[in-house]
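Residue-level structure breakdown
Below, each chain spelled out in residue letters.
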Amino acid sequence: MAGSAQENEEEITGINVTPLVDIVLVLLIIFMVTANFIVRETVEVDLPRAANGGETVQGLVNVVLDKEGKLFFDGAEVSEDELTRKVAEQVAKDKDTRAIISADQSLAYGRVMRLIDVVKGQGIAKFALNIEKDVAPTAPRG
């Protein structure tokens, strides 16, 4: 009888992977469908590169709003109308002009937003914001 028990048991010679493949395909389809519903909010920030860091950014302007509310364009003090004109001139020279907008952190949010509107209104789509304490204009470009 002992011999007959061994004859009735079948040896497992392989593993059926069909159910595993089915499950993996179903999961893959679920992940592919749900990946389209994931929304990632990003903010693009263009940071300037160091002078010895390789590629330099052409058409870069610096706009500064200090804590007294004075406007500076590339180190020279300007009025809001002059700023509008100078930014428009720069965009006319180079359509890919970028701006670095620096403002003192003690200023009202609305002042900075108005400055952004002036820069964007003249055609500069790419800009970087620099908000810090006691911001000061840099020396004019030579």
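To start, this report covers the structure provided alongside it. (Residues numbered from 1 in each chain as written. Predicted model: local features only at pLDDT ≥ 70, side-chain atom pairs only at ≥ 80, totals over all residues. Heavy atoms only, no water.)

**With respect to the sheet that holds strand 2 (residues 71-73)**
Note the following rule: Strands pair, by our definition, only if DSSP identifies at least two bridges between them. Here a strand is any run of E in DSSP of at least two residues, a helix any run of H or I of at least four, and the numbering for each starts at the N terminus. Axis angles are defined between N-to-C directions and span 0 to 180 degrees, where every axis is a line fitted to C-alpha atoms and, for a helix, only to the segment in contact. Should any heavy atoms of two residues lie within 4.5 Å, those residues are considered in contact.
Spatially, 3-2-1-4-5 is the arrangement adopted by the 5 strands of the open sheet, whose pairing is mixed. Of all strands in the sheet, those bounded by a partner on one side alone are strand 3 (76-78) and strand 5 (127-132). When the angles between neighbouring strand axes are averaged without regard to direction, this sheet yields 25°. In terms of strand pairing, strand 4 (residues 98-104) meets strand 5 through 6 bridges, oriented parallel. Paired with S102 across the bridge in strand 5 is N130. Helix-sheet contacts for helix 4 (residues 109-121) involve strand 1 (60-65), strand 2, strand 4 and strand 5, and the interaxial angle to strand 4 is about 165°.

**With respect to helix 4**
So the rule is basically this: To estimate the expected span of a helix, subtract one from its residue number and multiply by 1.5 Å. Only protein chains enter the calculation, and the probe is 1.4 Å; a residue is then buried if its accessible area is under 20% of its type maximum, exposed if over 50%, and partly exposed in between. The directions considered for the arc are those from the helix axis to the C-beta atoms.
In this model, helix 4 (13 residues) spans 18 Å end to end at C-alpha, consistent with the 18 Å of a helix rising 1.5 Å per residue. Those residues of helix 4 lying buried are V112, L115, I116, V118 and V119. Taken around the axis of helix 4, the buried residues stretch over an arc of 160°, which confines them to a single face. Pointing more than 90 degrees away from the buried face of helix 4 are the exposed residues Y109 and G121. Its buried side turned inward, helix 4 meets strand 1, strand 2, helix 3 (80-93), strand 4 and strand 5. One or two residues past the end of helix 4 sits G123, with phi positive at roughly 110°.

**Notes on the nonpolar core**
To keep things clear, this is the line we draw: Buried Ala, Val, Leu, Ile, Met, Phe, Trp, Tyr and Cys residues that are joined via side-chain atoms within 4.5 Å together make up what is termed a nonpolar core.
Counting 20 residues, the largest nonpolar core has F73, L83, L115 and I124 as the members making the most contacts within it. Those elements that provide at least two residues to this core are strand 1, strand 2, helix 3, strand 4 and helix 4. When residues of this core are assigned to their parent elements, the largest contribution, 5 residues, is made by helix 4. With near-sequence residues (within four places) excluded, I124 lies in contact with V61, V87, V91, T97, R98, A99 and V119.

**As for the environment of K86**
Tracing the sequence through the fold places K86 in helix 3. Along the sequence, K86 and D74 sit 12 residues apart, while their C-alpha atoms lie 9.9 Å from each other. Ignoring any residue separated from it by four or fewer positions in sequence, one finds K86 in contact with F73 and V78.

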